[in-house]
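Analysis of the macromolecular model
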Amino acid sequence: MAAGGWTYATFAEKVEVDPKSVERWVNLNRTPRRTTAMLAAETLGEDVHALWPALRQARPARAISPELVALYDQRADIPVSTFVDMLTQARERIDVLVYAAVFLHEAYLRLNDLLRERAAEGCTVRIALGDADSPNVQQRGQEEKFGHGIESRCRLALMHYRPLIGTPGIEVRTHGTTLYNSLYRADDQVMVNAHVWGVNAYGAPVWHLRRHGEGGMFDTYAQSFDAVWATATPAHEG
């Protein structure tokens, strides 16, 4: 705040809270609600978890379902290392179904190298990205809370993954389906990022599933990926 020239009053006005709340964050180390914390961190250009580490904690969920490893209030609560560790453990299959999810490449610069390494070890890697020209993708952009250009993020994501095209064991496709959930699968684990109308993906909940027998939640999402993949178009180099 000091570096940006913010006072308690001006910052409180920006993030739509009382100045006394901001004062408590600074002087008493209080943690704001997640939605407020995200806006505050974005305004400051800082990592929300660096400001308020308590927001990072997942909720144990095995008592609800044997497939449910953890629940997160929003994707931004999950350290990127959690995604990376899960992908690193994959031995048979990696499936990614998103519109863009450029946060993975931005936060982990070795992502393409990791995927190449997994493919070289016999892992099948399938990446399904949003088609920037699809009406469904464009509609999603209009619905997001902050109105960021999702079409440009889809193109950026394709640019990130394009060097992988032609790598044995790796296939990149684009799809134009309505994306009800983003999926990040590694063998029998999957992160399901739900999508909420008017909310950017990083602010929506995530459930971490581990396959437990036939016909459970994990299989439902795995079948959903396969259905989208069947409609998707292979991406090309250049």
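Residues numbered from 1 in each chain as written. Predicted model: local features only at pLDDT ≥ 70, side-chain atom pairs only at ≥ 80, totals over all residues. Heavy atoms only, no water.

1. Side note on the pattern of salt bridges
All told, the structure shown has 12 salt bridges when counted by the stated rule. With its nearest N and O atoms 3.0 Å apart, the salt bridge here joins R34 to D73. Note that R34 is positioned in helix 3 (residues 34-44) and D73 in the loop between strand 2 (68-72) and helix 5 (80-88), a separation of 39 residues in sequence. A relative accessible area of 25% places R34 in the partly exposed class. Taking the relative accessible area as the measure of exposure, D73 reaches 27% and is therefore partly exposed. (Salt bridge = Lys/Arg side-chain N within 4 Å of Asp/Glu carboxyl O. Helix = DSSP H or I, 4+ residues; strand = E, 2+ residues; numbered from the N terminus. Buried < 20%, exposed > 50% of the residue type's maximum accessible area, 1.4 Å probe, protein only.)

2. Focus: the nonpolar core
Ranked by size, the top nonpolar core spans 38 residues in total, and within it L115, Y161 and Y184 carry the most contacts. The element best represented in this core is helix 5, accounting for 5 residues. L115 has contacts with I94, V125, I127, Y161, L164 and I170, leaving out every residue within four places of it along the chain. (Core = buried A, V, L, I, M, F, W, Y, C linked by side-chain atoms within 4.5 Å. Contact = heavy atoms within 4.5 Å.)

3. A look at the environment of Q142
Along the chain, the position of Q142 falls in helix 8 (residues 135-143). The class of Q142 is exposed, set by a relative accessible area of 61%. Linking Q142 and G198, residues 56 residues apart in sequence, is a C-alpha distance of 8.6 Å.

4. Topic: helix 7 (residues 111-120)
Residues three or four positions apart in an α-helix share a direction because the helix packs 3.6 residues into each turn. Listing the buried residues of helix 7 in full gives L111, N112, L114, L115, R118 and A119. Taken end-on, helix 7 shows its buried residues confined to a sector of 160°, consistent with a single buried face. As for helix 7, its buried residues are in contact with helix 5, strand 3 (93-97), helix 6 (103-107), strand 4 (124-130), helix 9 (150-161) and strand 5 (170-175). Just downstream of helix 7, G122 is the residue with a positive phi angle, here 100°. (Arc of directions from axis to C-beta.)

5. Thoughts on helix 8
Taken together, the buried positions of helix 8 are V137, R140, G141 and E143. All buried residues of helix 8 project into a common sector of 165° when viewed along the axis, lining one side. Turned more than 90 degrees from where helix 8 packs its buried face, P135 and Q142 sit exposed. As for helix 8, its buried residues are in contact with strand 4 and helix 9.

6. Structural notes on the packing of helix 5 against helix 7
Look at helix 5 against helix 7: their axes get within 10 Å of each other, and the N-to-C directions meet at 20°. Judged by the angle between their axes, helix 5 and helix 7 are roughly parallel. Here helix 5 and helix 7 pass one another in a crossing that is left-handed. Here V84, L87 and T88 of helix 5 come into contact with helix 7, specifically with L111, L114 and R118. Each residue belonging to the contact of helix 5 with helix 7 can be placed in one class, and the counts come to 4 nonpolar, 1 polar and 1 charged. (Axes fitted to C-alpha atoms, helices over the stretch in contact; angles between N-to-C directions. Parallel < 35°, antiparallel > 145°, perpendicular 65-115°, else oblique. Left-handed = near helix turned anticlockwise from the far one by under 90°. Nonpolar A, V, L, I, M, F, W, Y, C, P; charged D, E, K, R; others polar.)

7. Regarding the pairing of strand 8 (residues 206-210)
Two strands pair when backbone bridges link them, and strand 2 and strand 8 are joined in this way by 4 bridges, in the antiparallel orientation. Opposite L68, over in strand 8, you have L209 as the bridge partner. (Pairing = 2+ DSSP bridges.)

8. A few points about the packing of aromatic side chains
Counted by the stated rule, this structure contains 6 aromatic pairs. When the centroid spacing of 5.7 Å and the interplanar angle of 80° are considered together, the rings of W25 and W52 count as edge-to-face. Pair noted here: W25 is in helix 2 (residues 19-27) and W52 is in the loop between helix 4 (48-51) and strand 1 (59-60), with a separation of 27 residues, a long-range link. W52 carries the same exposure label as W25, and that label is buried. Each ring, one from F225 and one from W229, has its centre 5.7 Å from the other, and the planes form 20°; the classification is stacked. Taken as a pair, F225 and W229 lie in helix 10 (residues 217-231) at a separation of 4 residues, close to a single helical turn. By the burial criterion, F225 is buried, and W229 matches it. Taken together, F83, F103 and Y184 form an aromatic cluster joined through their ring pairs. Over the face of the ring belonging to F103 we find R75, whose NZ or CZ atom lies 3.9 Å from the ring centre. (Phe/Tyr/Trp six-rings, centres within 6.5 Å; stacked < 30°, edge-to-face > 60°. Lys NZ or Arg CZ within 6 Å of the ring centre and 35° of its normal.)

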